[in-house]
Amino acid sequence: MSPFNGKLVIVSNREPYVRRKGKLEKTAGGLVSALDPIMQKNGGIWIAAGSGERSPVGDSTKTTVPPDAPAYVQKSIWLKEAYENNYYHGYSNRFLWPLCHMTLDRVFLRRAYWSAYKKVNSLFAEAVLEETGDEPAVVWLQDYHLSLCARDLKEKNRKLVVLQFWHIPWPPHDIFRICPQRKEILEGLLANDLIGFHLDSFCQNFMTCVDRELGAGVDFKEGFVHYKGHTTRVKAFPISIDFEWFARSASSPKARRTWERFRKTLKLPQDGYVGVGVDRLEYTKGLIKRLEAIDLFFTKYPRYRRRFTFIQIAVPTRKVEPYLSYREKVEALVAKINAHYGEADWEPIKYIDYKLSHDDLAAIYDGVDLAVVSSIYDGMNLVAKEYIASQVDEKGVLLLSEFAGAAEAIPGAMLINPYDTECFADAIKQALQLPASEKQKMIRASIAYLREHDIYRWVGDILDEVERLK
Ligand code: GDG
């Protein structure tokens, strides 16, 4: 990674540090893990919507973080509840999220969503401009919550270099044109100097949209869009994880003890196989399809009853509709499978509905025999990468949906189509029956690739591209 020069402003919906019970704690997640060290080294400011508690003393909008060795400024934007509901739960999560994931029957829109989204984007832009004034800086916007920010920023300060990373898929034009505000969103995004997506296919979809909707000049091959005198670079940067952290955590003696503890508390049969799924309780992650495949697997291959147990970690995230009804469906299906195949001392599915630490996850990833990622559509999917990085014994198999971005970014995974329940059920059996040498070969291919392509390389590649554009 080239040394990054210049003031860096990161803007995201979520804060890197949240105050809970009076103490500032770092939030979990790949993005914060990757960008926090860069901000600590480089200095700068991270602007996000306030969550958690406000500081009881002094300015409640600005804090220096990390608390034990202050290195950069975290600025919180405290949104009114109605704005937050309509911008975040509304336009972002009930409209853009299902639209971009092509789950069209879940797309839901109200007029108030869009006006709040516009307002909140302008509040974010104002908060950035208060910090940069007329001075040059690099502003890095994160995700689909902030698609209108770049336009305001560029209009008011031409010296800013503005980039945006879109963490979810960009759908084909035929889907995106459902969006009544499509022109405003596309124009907003084209104010960026650089837009990053996980995959080249998302870049192509985005460029097709700006070509058809705005008549922008598009160089599909090289990834440039020219519109109203401005050029935007469009490029794929597949996000990754802190590989070394997971590898280290999974190989620690503590991890072995943690796994033994889990085996005991979950009452897993000593000689049986174990699989795992780790997801936010999110309909795009394909939990229902996975459970249906497991159900069929036990019907088709009864000899695996008692010999295969599946741990599903499903952390409820957005506590609003349609997540509440999705949760009910998932839990009803788990109960049905457990009632149908379970025995007095064995439950086929162990369902965990609370958050575990990443150390616990790394221990579980290494301990189990296989992991299942069955997204019906997913920008990348970090769990798939975390699982690979935690393979100390090189004995695991990753069953990975071909509709997760990670399928293009991890060699050595066993690809599945979550819609094809029978093949999915068969793939579970095949994975369990693979010879150890075959599993090792597959895992080694995945590890070799991910060790090279970790989250630090992702940040480095993006910031290198910014230096080139400058
Ligand atoms: C978006 C895109 C893209 C899960 N359970 C626990 C826990 N997790 C952590 C995992 C992983 C993260 O949540 C989920 O990763 P995803 O990649 O599935 O992320 P999304 O939230 O859907 O985010 C996605 C991502 O952005 C990055 O660009 O990959 O495609 O949808 O890190 O470990 N973490 C902890 N306890 C849990 O129980 N601590």
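Here is a short report on the structure shown in this document.

What counts and how
- Residues numbered from 1 in each chain as written.
- Predicted model: local features only at pLDDT ≥ 70, side-chain atom pairs only at ≥ 80, totals over all residues.
- Heavy atoms only, no water.
- Helix = DSSP H or I, 4+ residues; strand = E, 2+ residues; numbered from the N terminus.
- Rg over C-alpha atoms; globule rule 2.2 N^0.38 Å.
- Buried < 20%, exposed > 50% of the residue type's maximum accessible area, 1.4 Å probe, protein only.
- Salt bridge = Lys/Arg side-chain N within 4 Å of Asp/Glu carboxyl O.
- Axes fitted to C-alpha atoms, helices over the stretch in contact; angles between N-to-C directions.
- Parallel < 35°, antiparallel > 145°, perpendicular 65-115°, else oblique.
- Contact = heavy atoms within 4.5 Å.
- Nonpolar A, V, L, I, M, F, W, Y, C, P; charged D, E, K, R; others polar.
- Core = buried A, V, L, I, M, F, W, Y, C linked by side-chain atoms within 4.5 Å.
- Domains from an automatic or database assignment.
- Patch = residues over 30% accessible without salt bridge, like charges linked within 9 Å, V, L, I, M, F, W, Y side chains within 5 Å.
- Areas by Shrake-Rupley, 256 points an atom, 1.4 Å probe, with all protein chains shown as cover.
- Pairing = 2+ DSSP bridges.
- 1 Å grid on protein atoms, 1.4 Å probe; cavity = no way out; pocket = protein on both sides within 12 Å on 5 of 7 lines; lining within 4 Å.
- Points joined across faces, edges and corners; volume = space filled by probe spheres on them.
- Expected span 1.5 Å × (residues − 1).
- Polar contact = N/O pair within 3.5 Å; in protein donor to acceptor, adjacent residues only side chain to side chain.
- Near = heavy atom within 4 Å.

## A word on the overall build of the protein
When helices and strands are counted, the protein shows 17 helices and 18 strands. A compact globule built from 470 residues should have a C-alpha radius of gyration of about 23 Å, and the protein, at 23 Å, falls within 12% of that. Principal-axis analysis of the C-alpha atoms gives the protein an extent of 70 × 50 × 40 Å. By residue count, 58% of the 470 residues in the protein fall in the buried class.

## Some points on the pattern of salt bridges
Scanning all chains against the criterion turns up 32 salt bridges. Glu131 serves as the salt-bridge partner of Lys62, at 3.1 Å between the closest nitrogen and oxygen. With Lys62 in strand S5 (residues 62-65) and Glu131 in helix H3 (residues 111-132), the pair connects residues that are 69 residues apart, well separated along the chain. For Asp295, the salt bridge is made with Lys336, and the minimal N-O distance between the two is 3.6 Å. Of the two residues, Asp295 sits in helix H10 (residues 287-300) while Lys336 sits in helix H11 (residues 323-341), which places them 41 residues apart along the sequence. By relative accessible area, Asp295 is classed as buried at 15%.

## Focus: unusual backbone geometry
Put simply, Val65 and Pro66 share a cis peptide bond, and its omega is -10°. Structurally, the position occupied by Pro66 is in the loop between S5 and strand S6 (72-77). In this structure, Pro322 follows Glu321 across a cis peptide bond, with omega equal to 5°. Looking at the secondary structure, you find Pro322 in the loop between strand S14 (308-315) and H11.

## Topic: the packing of H10 against H11
H11 packs onto H10 with a crossing angle of 10° between their chain directions and a minimal axis gap of 10 Å. Taken as axis vectors, H10 and H11 run roughly parallel relative to one another. Residue-level inspection shows Leu287, Ile288, Leu291, Glu292, Asp295, Phe298 and Thr299 of H10 in contact with H11, the latter providing Tyr326, Lys329, Val330, Leu333, Val334, Lys336, Ile337 and Tyr341. Counted by class, the contact of H10 with H11 contains 10 nonpolar, 1 polar and 4 charged residues.

## Focus on the nonpolar core
If you look at the biggest cluster of nonpolar residues, it comprises 99 residues, and the most contacted ones within it are Phe124, Trp170, Phe206 and Leu399. A total of 10 residues in this core trace back to one element, the largest contributor, which is H3. Both domains that meet at this core, namely domain 1 (8-239 + 456-469) and domain 2 (246-452), each give it at least three residues.

## Some remarks on a nonpolar patch on the surface
Together, Met102, Leu104 and Ile178 make up an exposed nonpolar region whose accessible area comes to about 220 Å². Positionally, Ile178 belongs in the loop between helix H5 (173-176) and helix H6 (182-190).

## Digging into the pairing of S5
Regular strands place their side chains on alternate faces of the sheet. The side-chain alternation of S5 yields one buried face, formed by Thr63 and Val65, and one unburied face, formed by Lys62 and Thr64. In the sheet, S5 pairs with S6 via 4 bridges, with the strands oriented antiparallel. From the neighbouring strand, Val65 faces S6, where its bridge partner is Tyr72. Count of turn residues in the S5/S6 antiparallel hairpin: 6 residues.

## Some thoughts on empty space enclosed by the protein
Going through the model one piece at a time under the given rule, you end up with 2 cavities of 30 Å³ or more. The computed volume of the largest cavity comes to approximately 90 Å³. In this structure, the largest cavity is lined by 14 residues; those nearest its centre are Glu15, Glu53, Thr63, Gln74 and Ser76. With 3 residues, strand S2 (residues 17-20) is the largest single contributor of residues to the lining of the largest cavity. For the lining of the largest cavity, a count of residues per class yields 4 nonpolar, 6 polar and 4 charged. Size it by volume and the second largest cavity reaches roughly 40 Å³. Secondary structure elements with two or more residues in the lining of the second largest cavity: strand S17 (397-401) and helix H16 (436-452). When residues in the lining of the second largest cavity are grouped by element, the largest group, 4 residues, is from H16. Class assignment of the residues belonging to the lining of the second largest cavity gives a composition of 7 nonpolar, 3 polar and 1 charged.

## A few points about helix H17 (residues 455-469)
For H17, spanning 15 residues, the distance from its first C-alpha to its last is 21 Å, which sits close to the expected 21 Å at 1.5 Å a residue. Ile455, Trp458, Val459, Gly460, Ile462, Leu463, Glu465 and Val466 are the residues of H17 that are buried. Capping the start of H17 is the job of one residue whose side-chain oxygen sits 3.2 Å from the backbone nitrogen of Tyr456: Asp454.

## A look at the site of the ligand
Near the ligand, the surroundings consist of 20 residues, among which His167, Leu356, Asp378, Leu382 and Glu386 are the closest. In the model, an oxygen atom of the ligand is placed 2.7 Å from a nitrogen or oxygen of the His167 side chain. In this structure, Asp378 approaches the ligand through a side-chain N or O atom, which is 2.6 Å from an oxygen atom. A total of 730 Å² of accessible area belongs to the ligand in isolation, and the protein chains cover 88% of it. Looking at the shell around the ligand, the elements with two or more residues in it are strand S13 (273-280), S14, helix H12 (358-367) and helix H13 (382-389). The element contributing the most residues to the shell around the ligand is H13, with 3 residues. Among the residues making up the shell around the ligand, the classes are represented as 10 nonpolar, 5 polar and 5 charged. Both domains that meet at the shell around the ligand, namely domain 1 (8-239 + 456-469) and domain 2 (246-452), each give it at least three residues.

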